[in-house]
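# Observations on the model geometry
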Amino acid sequence: MNKKIVIFIITTAVISAGYYLLRRPKPVLVQVHTLELGEVNATVSNTRVGTIKACRRAYLAPATGGQVAALHVKEGDSVKQHQILLEVWNKDLKAQLKLQEAQIKANQASAEQACLQAAGAEREADRMTRLQQRNNVVSEEQVDIKVTDARAKRAFCVASRETVAVSQANLDVARATVERSLVPAPFDGVVAEINVELGEFVTPSPPGIPTLPAIDLLDISCLYVSAPIDEVDAPKIKTGMTACVSLDAFSEKRCSGTVSRIAPYVQEKEKQARTVEVEVKLTDPKDLQELLPGYSADIEVLLATKSQALRVPAEAVLENNQVLLMHEDGLLEQRTFTPGLSNWNMVEVLSGLKAGDTVVLSVGREGVAAGAHARVEP
């Protein structure tokens, strides 16, 4: 009888255990990460896409209107500072320039003649004065006439020299007028765009009415990234901070950037968050290779860094600084921790977790919650 009871109890226990195992929910598959020490950086990134820009860019047009008589460059040409790029018809102005140059020569000759005559008259007056003083051979009236004539000719000499100076000033005016019809390069650069053709009539842009520049000149030897930073994050950024630049056109980050400028005002655009424009200048020549003005770019400004910090992946962090901790038996436990430095990838753990703890990365999967059982996805 006792043997039958024991067999019945064992059978019942086996059936109950089997039933429990069959009815128990299957463990959910999860991806996990084991906490360890490593580098954590606190960074700030732009809210909207930034743009690669040239440090110097000039939209050039002639200072005076006229017909385009000469285009000395084409798009893509490299030019040197002061090189003439475009010339408006100016034959009449150049003729006036030559006229003024000839006038200067004529006035210089006249001045030289007048000064020679003045010198001769002064010598003659001096001789007459000495004769009058020695023996009164000449009258005082004759001496006075000679002296007055010498002074008059000396004054004419001075006036002639001043005429040369006036002619020189007129030459400068004519030269400046010619220069207004020329478009020189203000710096070494590359011609990005030309918006005129030979024979077209160009006019300076009226105030308040933007027009296409005749020539768009870029200095691509110096490039920087201009990107908007949310007004909440902007006060944390200071000039001189290190920054990385990411571009859609290239896979690798370029981390030789330095914050060179922070706009002194907040941009307010309709239906957009208020932002502050931040500029990052790349200093390593290797990072400047293959870059072109106009590329879209993102910046990541380094605020602080720790080389040996306990860290947890940002994708594992839930609201209110919580994570799902996975025990050895697969049970998931919700745990709150105290965060430190953080970025898009990693969050520093100050307390609440320890090295070696296993946290769940796939927190968005169905069934992944505190109290559930899980096993690591192969």
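## Digging into the overall build of the chain
Counting its regular elements, the chain contains 4 helices and 21 strands. Expected size for 378 residues packed as a compact globule is a radius of gyration near 21 Å; at 44 Å, the chain overshoots this value by more than 25%. When its C-alpha atoms are laid out on the principal axes, the chain stretches across 180 × 55 × 40 Å. Counting over 378 residues, the chain shows a buried share of 34%. Taking the contacts inside the chain whose residues are at least 6 apart along the sequence as the reference set, 76% of them involve residues at least 24 apart. Here the chain has roughly 23,300 Å² of accessible surface; of this, 54% comes from carbon and sulfur atoms. Each charge class in the chain was averaged separately, 42 positive and 47 negative side chains, and the resulting centres sit 3 Å apart.

## Topic: the packing of aromatic side chains
For the structure shown, the criterion picks out 1 aromatic pair. Centre to centre, the rings of phenylalanine 250 and tyrosine 295 are 5.7 Å apart; their planes meet at 85°, and the pair counts as edge-to-face. Placement of the pair is phenylalanine 250 in the loop between strand 12 (242-247) and strand 13 (254-262) and tyrosine 295 in the loop between helix 4 (285-288) and strand 15 (296-313), with a sequence separation of 45 residues. In this structure phenylalanine 250 comes out as buried when scored by relative accessible area, which is 17%. Judged by its relative accessible area of 27%, tyrosine 295 is partly exposed. Here the basic side chain of arginine 254 rests over the ring of phenylalanine 250, its NZ or CZ set 4.7 Å away from the ring centre.

## Concerning the pattern of salt bridges
Scanning the entire structure with this criterion turns up 18 salt bridges. Between glutamate 279 and arginine 261 there is a salt bridge, and its shortest N-O distance comes to 3.3 Å. Of the two residues, glutamate 279 is situated in strand 14 (residues 275-282) and arginine 261 in strand 13; the sequence distance between them amounts to 18 residues. Of the charged contacts in the structure, one is a salt bridge between glutamate 377 and arginine 365, with a shortest N-O distance of 3.2 Å. Residue glutamate 377 is located in the segment after strand 21 (374-376), and its partner arginine 365 is located in the loop between strand 20 (358-360) and strand 21; the two are separated by 12 residues in the primary sequence.

## Examining helix 2 (residues 91-135)
Its 45 residues place the ends of helix 2 67 Å apart at the C-alpha level, agreeing with the 66 Å of an ideal helix rising 1.5 Å per residue. When we look at burial in helix 2, the residues that qualify are Leu97, Gln100, Ile104, Asn107, Ala111, Ala114, Cys115, Ala118, Ala121, Ala125 and Met128. Looking one or two residues beyond helix 2, the residue adopting positive phi is asparagine 136, at roughly 55°.

## Concerning the side chain of glutamate 279
Take glutamate 279: its relative accessible area is 14%, and that puts it in the buried class. Apart from the residues lying within four places of it in its own chain, the contact partners of glutamate 279 are Tyr224, Val225, Ser226, Thr258, Val259, Ser260 and Arg261.

## What about the pairing of strand 14?
Each regular strand displays side chains that alternate between the two surfaces of the sheet. A large share of strand 14 lies buried, amounting to 7 of its 8 residues. In this structure, strand 11 (residues 215-230) lies alongside strand 14, joined through 7 bridges in antiparallel fashion. When the sheet's bridge partners are listed, valine 225 is paired in strand 14 with valine 280. Direction of pairing for strand 13 relative to strand 14: antiparallel, over a ladder of 5 bridges. The residue of strand 14 that forms the bridge with glycine 257 is leucine 282.

## Some points on helix 3 (residues 140-179)
Look at helix 3: 59 Å from first C-alpha to last across 40 residues, which is about the 58 Å you get at 1.5 Å a residue. The set of residues buried in helix 3 consists of Val143, Ala150, Cys157, Ser160, Val164, Ser167, Leu171, Ala174 and Val178. In this structure, the buried residues of helix 3 make contact with helix 2 and strand 8 (182-184).

## Let's talk about the environment of proline 264
Structurally, proline 264 is set in the loop between strand 13 and strand 14. Take proline 264: its relative accessible area is 73%, and that puts it in the exposed class. Spatially, the C-alpha atoms of proline 264 and valine 276 are 8.0 Å apart, while their sequence positions differ by 12 residues.

Rules and cut-offs
- Every chain is numbered on its own, with residues counted from 1 as its sequence reads.
- With pLDDT at 70 or above as the cut-off, local features in this predicted model cover only qualifying residues; side-chain atom pairs require 80 or more to be listed or tallied, and sums for whole chains, interfaces and linings still use all residues.
- The side-chain values count all of the structure's non-hydrogen atoms but skip hydrogen atoms and water molecules.
- Note on conventions: DSSP H or I runs of at least 4 residues are helices, E runs of at least 2 residues are strands, and numbering of each starts at the N terminus.
- C-alpha atoms define the radius of gyration in this analysis, and the globule rule sets the expected value at 2.2 Å times the number of residues to the power 0.38.
- Per-residue accessibility, obtained with a 1.4 Å probe over protein chains only, is compared with the maximum for each type, and a residue is labelled buried under 20%, exposed over 50%, and partly exposed between these values.
- Contacts between residues were defined by any pair of non-hydrogen atoms, one from each residue, lying within 4.5 Å.
- Only the protein chains shown count as cover for residues, and the accessible areas themselves come from Shrake-Rupley with a 1.4 Å probe.
- The charge count treats Lys and Arg as positive and Asp and Glu as negative. His and the chain ends do not count.
- The atom standing in for a charge is NZ when the residue is Lys, CZ when it is Arg, CG when it is Asp and CD when it is Glu.
- Side-chain rings of Phe, Tyr and Trp (the six-membered ring for Trp) are treated as a pair once their centres are within 6.5 Å; stacked means planes under 30 degrees apart, edge-to-face means over 60, and tilted covers the remaining angles.
- For a Lys NZ or an Arg CZ to count as sitting over a ring, it must be within 6 Å of the ring centre and within 35 degrees of the ring normal.
- Any carboxyl oxygen of Asp or Glu within 4 Å of a side-chain nitrogen of Lys or Arg constitutes a salt bridge here.
- To estimate how far a helix should extend, the number of its residues minus one is multiplied by 1.5 Å.
- Any two strands are treated as partners once DSSP identifies two or more bridges connecting them.

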